[in-house]
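Spelled out, the chains give:
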Amino acid sequence: MNHTTENSGKAGGLVIEVIGPLVDDRDLMARTYADLLAGEGVVLRPGAIDQVAGASIDWALRTLLEGHGRFDLIEQIPALERRVVREWEGFFASGLLRLAPRTEAAWAQILGSGAPVLLLFVGEPHLIPRLFSGLGLGLGGQVVVGGSGARGLPYPDVITAWLATNALPVASVRAAIRSPAAALGTGGAALGEICLIREAGPETGMLPIDATVATIAAFMDRLTTQD
């Protein structure tokens, strides 16, 4: 990506994907699609789930069904989406989700910075305060949850709206993401830096990523060093 010298100052805001950088869901959320669609007679090709990871539920279901030629199920997407949401709500209430490595101290640092924070989550936003409380994390007043809905990820709409609300120059905002959808959304918003919080692989080669680190703590260390 092309960056300007505006990037060298302190981050004007942070965009962080919840699942992956902050919370380890053990791939339960992604596997919901495979299990649900298998019940409808759709056997997903290898790698199909990876391609829609982190995307809004409607977009993910439509992409998977169209990609597998199951246009007969398109009209059922709203009902399928409700089933996905119910499954995810069950995971959040089960205690199976846990903090990603080195998240607690990094999250305290994020809240302490006072910077506006947009959390990207493609499920129901009300689940996040409940989840964070259960994991021992607080939510400061500068934190907004977005990313779901018909124009959620991989579209950049929710990000650009948040930027406008906070009057943030795009070059001053850094993102910590894991999924292809979040990479595309933050890339479409032309944020100052997009950092992948996991190992890069062949599937990430075409994504708009500027850097790769192992943990959200390493991401914050990188910001501190740059600033």
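These notes cover the structure that comes with them. The shown structure was predicted, so the numbers you read here are calculated from the model rather than taken from an experiment. (Residues numbered from 1 in each chain as written. Predicted model: local features only at pLDDT ≥ 70, side-chain atom pairs only at ≥ 80, totals over all residues. Heavy atoms only, no water.)

### Section: the packing of aromatic side chains
The geometry of an aromatic ring pair is captured by the separation of the ring centres together with the interplanar angle, meaning the angle of the planes. If you walk through the whole model with that rule in mind, you get three aromatic pairs. Ring centres 6.1 Å apart and planes at 80 degrees place the aromatic pair tyrosine 33 and tryptophan 88 in the edge-to-face group. In this pair, tyrosine 33 sits in helix 1 (residues 28-38) while tryptophan 88 sits in helix 4 (residues 77-94), placing the two residues 55 residues apart along the sequence. The burial state of tyrosine 33 is the same as that of tryptophan 88; both residues are buried. Between phenylalanine 92 and phenylalanine 121, the aromatic rings sit 5.5 Å apart at their centres with planes inclined by 50 degrees, giving tilted as the arrangement. With phenylalanine 92 in helix 4 and phenylalanine 121 in the loop between strand 4 (117-120) and helix 6 (127-134), this pair connects stretches of sequence that are 29 residues apart. With respect to burial, phenylalanine 92 and phenylalanine 121 carry one shared label: buried. (Phe/Tyr/Trp six-rings, centres within 6.5 Å; stacked < 30°, edge-to-face > 60°. Helix = DSSP H or I, 4+ residues; strand = E, 2+ residues; numbered from the N terminus. Buried < 20%, exposed > 50% of the residue type's maximum accessible area, 1.4 Å probe, protein only.)

### Re helix 1
Residues Leu28, Met29, Thr32, Tyr33, Leu36 and Leu37 constitute the buried set of helix 1. Against the buried residues of helix 1 lie helix 2 (48-52), helix 3 (57-67) and helix 4. (Contact = heavy atoms within 4.5 Å.)

### Things to note about the packing of helix 5 (residues 103-113) against helix 9 (residues 216-226)
The interhelical angle for the contact between helix 5 and helix 9, taken along N-to-C directions, is 40 degrees, at an axis separation of 8 Å. In terms of orientation, helix 5 lies oblique with respect to helix 9. Crossing handedness for the pair helix 5 and helix 9: left-handed. Residues Thr103, Ala106, Gln109 and Ile110 of helix 5 pack against Ile216, Ala217, Met220 and Thr224 of helix 9. Its residues placed into classes, the contact of helix 5 with helix 9 shows five nonpolar, three polar and no charged. (Axes fitted to C-alpha atoms, helices over the stretch in contact; angles between N-to-C directions. Parallel < 35°, antiparallel > 145°, perpendicular 65-115°, else oblique. Left-handed = near helix turned anticlockwise from the far one by under 90°. Nonpolar A, V, L, I, M, F, W, Y, C, P; charged D, E, K, R; others polar.)

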